[in-house]
Amino acid sequence: MAGGTLFGGIFYALIAYLPIQRLAETAGLLQNWQAIFAIFVIAMLFGLFPDVDTNSKAQDLFFAIVFPLNIVLLATDKIQASAYLGLIAMLPVVGKHRGWTHKKWAMVIVPLPILLIPYIYNEAILPISTIYYGAAVSGYFSHLLFDGLIFKRFRIKG
Ligand SMILES: [Zn+2]
């Protein structure tokens, strides 16, 4: 959680002060505290995500979100969406610990719906979604970094 929040902060500093500033301005990001708050929450959640494959806080949180969401989908007759969500929810249990969720490609692929869903349904929110996607990848990256999976010598044990 700390790693995700830290890297959410680093990511925010990057988009706020580097030349990609124009993107942030397009999204109205720098004037909006809710969007800034969302960057930190998204980075933190995706920083937790890789450990959904084991008995952990990340797993508790993941299922605390997925379970009621699936009930809502069923109750509103979105059977197909519910089936897909159910299938996705099985994935962490299928893999072994530090399996696919700890692969470098997962850090890019897992947050992809944040980009794809607006791309398909509402292109107007694409600039802010791009920033949220970046926040998600930053949080995910922090987890792999502190697990020692980016640089072998760099690892926080615990
Ligand atoms: Zn881990």
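For the structure, see preceding data.
Residues numbered from 1 in each chain as written. Predicted model: local features only at pLDDT ≥ 70, side-chain atom pairs only at ≥ 80, totals over all residues.

1. Some thoughts on the overall build of the protein chain
No. 1: Summing up its helical and strand segments, the protein chain has 8 helices and 0 strands in all.
No. 2: Along the chain direction, N to C, the helices and strands of the protein chain fall in the order α-α-α-α-α-α-α-α.
No. 3: When each of the 158 residues of the protein chain is scored for burial, the buried share is 30%.
No. 4: Residue pairs at least 24 apart in sequence account for 68% of intrachain contacts in the protein chain once pairs closer than 6 positions are excluded. (Helix = DSSP H or I, 4+ residues; strand = E, 2+ residues; numbered from the N terminus. Buried ≥ 20, exposed ≤ 12 C-beta atoms within 10 Å, placed from the backbone. Contact = placed C-beta atoms within 7 Å.)

2. Things to note about unusual backbone geometry
No. 1: Its identity as a non-glycine residue notwithstanding, Asp77 has a phi of 65 degrees, on the positive side.
No. 2: As for its placement among the helices and strands, Asp77 is situated in the loop between α4 (57-75) and α5 (79-94).

3. A look at the packing of helix α1 (residues 2-17) against helix α8 (residues 126-146)
No. 1: Interaxial distance between α1 and α8 falls to 8 Å at its minimum, and their mutual angle equals 135 degrees. Here α1 is positioned oblique relative to α8, judged by the angle of their axes. Relative to α8, the crossing made by α1 is right-handed. Where α1 approaches α8, its residues Gly3, Gly4, Leu6, Phe7, Gly8, Ile10, Phe11 and Ile15 are matched on the opposing element by Ile131, Gly134, Ala135, Ser138, Gly139, Phe141, Ser142, His143 and Phe146.
No. 2: Taken together, the residues that form the contact of α1 with α8 break down as 9 nonpolar, 8 polar and no charged. (Axes fitted to C-alpha atoms, helices over the stretch in contact; angles between N-to-C directions. Parallel < 35°, antiparallel > 145°, perpendicular 65-115°, else oblique. Left-handed = near helix turned anticlockwise from the far one by under 90°. Nonpolar A, V, L, I, M, F, W, Y, C, P; charged D, E, K, R; others polar.)

4. Concerning α8
No. 1: In this model, α8 (21 residues) spans 30 Å end to end at C-alpha, consistent with the 30 Å of a helix rising 1.5 Å per residue.
No. 2: With 18 of its 21 residues buried, α8 lies for the most part within the structure.
No. 3: Where α8 terminates, the next one or two residues include Gly148, which has phi positive at roughly 80 degrees. (Expected span 1.5 Å × (residues − 1).)

5. With respect to the environment of Leu6
No. 1: Tracing the backbone through its elements, the reader meets Leu6 in helix α1.
No. 2: What makes Leu6 partly exposed here is the crowd of 18 C-beta atoms within 10 Å.
No. 3: For the pair Leu6 and Phe40, spaced 34 residues apart in sequence, the C-alpha separation works out to 8.4 Å.

6. Things to note about the packing of α1 against helix α3 (residues 33-48)
No. 1: For the pair α1 and α3, the least separation of the axes is 7 Å and the interaxial angle reads 135 degrees. Here α3 runs oblique to α1, going by the angle between their axes. Of the two possible hands of crossing, α1 and α3 adopt the one that is right-handed. Taken together, the residues of α3 that come into contact with α1 (itself represented by Gly3, Gly4, Thr5, Phe7, Gly8, Phe11 and Tyr12) are Ile36, Ile39, Phe40, Ala43, Met44, Phe46, Gly47 and Leu48.
No. 2: Of the residues contributing to the contact of α1 with α3, the split by class is 10 nonpolar, 5 polar and no charged.

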